[in-house]
Amino acid sequence: MSNNIRIVERNFRTRFGEIDLIGYDGEYLVFFEVKYRRTKLYGAPVQAVNTGKQHVICRVADFYRMKKRIGDFEPMRFDIISIHNGKITWYKNAYDYC
């Protein structure tokens, strides 16, 4: 990850689901999903973040923003960190808010 990321939460859990990492990249509030796969038997790690998982993350992000009193106009994005065979790939702005 970049040196300018400031992580503020790890494994933020609610009854709706979980977000692996929450942090700031400059002015952006970033919600990270971290996926690891040992093999590609079940597809690439990034493929595991399907639309259903994206909806869960967005719902948890809404709860987090409400709990921390972060306004609707705070810039945010959703990133995926994919780990496979020791290679880390960072997909910035991987999907839109849903």
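Scroll up to find the structure.
Predicted model, so just to flag it, every value in this text is computed and none were measured.

Asker: Can you walk me through the nonpolar core in this structure?
Answerer: One recurring pattern in soluble globular proteins is that nonpolar side chains are buried together. Judged by nonpolar contacts, the single largest core of 16 residues is most densely connected at Ile19, Ile22, Leu29, Phe31, Tyr64, Phe78 and Tyr95. Elements with a contribution of two residues or more to this core: β2 (18-25), β3 (28-37), α1 (51-67) and β4 (76-84). With five residues, the single largest contributor to this core is α1. Apart from residues no more than four positions distant in its own chain, phenylalanine 31 is found in contact with Ile19, Leu21, Ile22, Ala61, Tyr64, Arg65, Met76, Arg77, Phe78 and Asp79. Formed by five residues, the second largest nonpolar core is a distinct cluster that contains Ile5, Leu21, Phe32 and Ile81.

Asker: Explain the pattern of salt bridges here, please?
Answerer: When charged atoms on two side chains of opposite charge get close, those side chains can pair. Under the counting rule described, the total for this entry stands at nine salt bridges. Across the pair arginine 65 and aspartate 72 runs a salt bridge, and its minimum N-O distance is 3.0 Å. Looking at aspartate 72, the relative accessible area reads 64%, which means it is exposed. A salt bridge links aspartate 79 to arginine 77; the shortest N-O distance between them is 2.9 Å. Each member of the pair, aspartate 79 together with arginine 77, is buried.

Asker: So what exactly am I meant to see when it comes to the environment of valine 30 here?
Answerer: With respect to the element layout, valine 30 can be found in strand β3. When its relative accessible area of 0% is taken as the criterion, valine 30 is described as buried.

Asker: Help me understand unusual backbone geometry in this model?
Answerer: The bulk of non-glycine residues show a negative phi, and the bulk of peptide bonds are trans. Backbone geometry places asparagine 85, a non-glycine residue, at a positive phi of 55°. Along the chain, asparagine 85 turns up in the loop between β4 and β5 (87-95). The exposure class of asparagine 85 is exposed, given its relative accessible area of 62%. The phi dihedral of asparagine 93 is positive, around 50°, even though this residue is not glycine.

Rules used in this analysis
- Residues numbered from 1 in each chain as written.
- Predicted model: local features only at pLDDT ≥ 70, side-chain atom pairs only at ≥ 80, totals over all residues.
- Heavy atoms only, no water.
- Core = buried A, V, L, I, M, F, W, Y, C linked by side-chain atoms within 4.5 Å.
- Buried < 20%, exposed > 50% of the residue type's maximum accessible area, 1.4 Å probe, protein only.
- Helix = DSSP H or I, 4+ residues; strand = E, 2+ residues; numbered from the N terminus.
- Contact = heavy atoms within 4.5 Å.
- Salt bridge = Lys/Arg side-chain N within 4 Å of Asp/Glu carboxyl O.

Taken by themselves, the reported measurements are silent on function.
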